[in-house]
Amino acid sequence: MVQHILKATTKTVHLGGFSHLLESALTVDSGDTVDVETYTGYYVYEKAPPEFLTSEFLDICQNLPSERKVAEGPHLLTGPIYVRGAEPGDVLEVKLEAIKPGLPVGFNAIRTGWGALPNQFNQAALRFISLDLENNVAEFPENSGIRIPLKPFFGILGVATQETQRSSIPPGCYGGNIDNRELQAGSRVFLPIFVPGALFSIGDGHSAQGDGEVNVTAIETSMNGTIQLKLRKDLQLTTPIAETPTHIITMGFGQTLDEALELALKNMIDFLVKFVQLPPEDAYVLCSLAVNFRITQVVNSPQKGVHGMLPKSILPQDLQLL
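This structure is a prediction, so every number in the text was calculated from the model and none was measured. (Residues numbered from 1 in each chain as written. Predicted model: local features only at pLDDT ≥ 70, side-chain atom pairs only at ≥ 80, totals over all residues. Heavy atoms only, no water.)

(A) Molecular detail of unusual backbone geometry. Each neighbour pair has its own omega, and for Phe140 with Pro141 the value is -10 degrees, a cis peptide bond. Among the structural elements, Pro141 can be located in the loop between strand S10 (137–139) and strand S11 (147–149). In the segment running from Ser301 into Pro302, the intervening peptide bond is cis, with an omega of 5 degrees. One can find Pro302 in the loop between strand S20 (292–297) and strand S21 (304–311). In this structure, Asn143 takes a positive phi of about 65 degrees despite not being glycine. Structurally, Asn143 is set in the loop between S10 and S11. (Helix = DSSP H or I, 4+ residues; strand = E, 2+ residues; numbered from the N terminus.)

(B) Quick peek at the sheet that holds strand S18 (residues 241–243). Pairing is mixed in the open sheet, where nine strands are placed in the order S1-S5-S17-S7-S15-S18-S19-S21-S20. The open sheet has two edge strands with one neighbour each: strand S1 (3–6) and S20. Neighbour to neighbour, the strand axes of the sheet diverge by 25 degrees on average, direction disregarded. Here strand S19 (residues 247–254) pairs with S21 via eight bridges, running antiparallel. Looking at S21, one finds that Gly252 is bridged to Val306. Strand contacts of helix H2 (residues 257–275): S18, S19, S20 and S21, with the helix running at about 140 degrees to S19, the strand carrying the most contacts. (Pairing = 2+ DSSP bridges. Axes fitted to C-alpha atoms, helices over the stretch in contact; angles between N-to-C directions. Contact = heavy atoms within 4.5 Å.)

(C) Region of interest: helix H1 (residues 55–63). All of the buried residues in H1 are Phe57, Ile60 and Cys61. Looking straight down H1, one finds its buried side chains confined to an arc of 95 degrees; they lie on one side. Facing away from the buried side of H1 by over 90 degrees, the exposed positions are Ser55 and Gln62. (Buried < 20%, exposed > 50% of the residue type's maximum accessible area, 1.4 Å probe, protein only. Arc of directions from axis to C-beta.)

(D) Quick peek at the packing of aromatic side chains. Taken as a whole and assessed by the stated rule, the structure comprises seven aromatic pairs. Ring centres of Phe52 and Phe57 lie 5.9 Å apart, and the angle between their planes is 80 degrees; this geometry places the pair in the edge-to-face category. Taken together, the ring pairs connect Tyr39, Phe52, Phe57, Phe107 and Phe128 into an aromatic cluster. Above the face of the Phe18 ring, Arg166 is positioned so that its terminal group lies 4.2 Å from the ring centre. Lying over the aromatic face of Tyr174, Arg166 brings its terminal NZ or CZ to 3.4 Å of the ring centre. (Phe/Tyr/Trp six-rings, centres within 6.5 Å; stacked < 30°, edge-to-face > 60°. Lys NZ or Arg CZ within 6 Å of the ring centre and 35° of its normal.)

See the structure below:
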């Protein structure tokens, strides 16, 4: 195994989406780890305070080549990372070993026409929020005494598909803009692979977010992390699945919350049938008894997200899962 360092530069990031035509930023072998740097705020940098800006980030914002601008999404992603030996039909295991804000400030933005209440909150608004990295909290509103614990995660973890211009906004079977706050350090994410090399990209750091991400954004934060990329030819998946230290997580993405819930539930039943060897009806009953289904996000148009959380503590201890 090799430890790589992937800094965010004009040659190693891309804007707005995914494409299998993008030149790889890094090539790794299965099992390698990567210290990865990500930036956020491409569209708000001109309004940002000095502590939000670095010379490297400014260079990206001002000099990003046109070929690295993929689609209309607002996200700046680091990658893609090419994994040797990865082929369509395989699964990419992404182990999130460490996640930490790269700067002591993030932002939250309300976008006109977006969010869960676009008619009530129809004026664009941008707030920069200081991060107390020593005490791992953010106070919001400022001087209110309300202290939000920082629980950093990457909102976007995704692989390329055969699409040449896929927006970074909606999540899907490839992962992408999942925005699941459970995927913190210590978690593993399993992504189906669609193109040779997988072409994995990462970004959209969040220091804190509530389930739903109701006003469109979290505390959007330039984020650093350490990830391990492992090729899994022993798994066959058609949609992302995740494992935290305490839970198995299935995901559902749909144009309505009803559709997203139905898919998250079906994916959990499929998991229980395949990995726990339960009959489908028993799996359905167990989901009603012990699985919690939560709203992941309602704002990544046109796809809303629901995730199901199965406590690993209720399963037989000798059971081999993922």
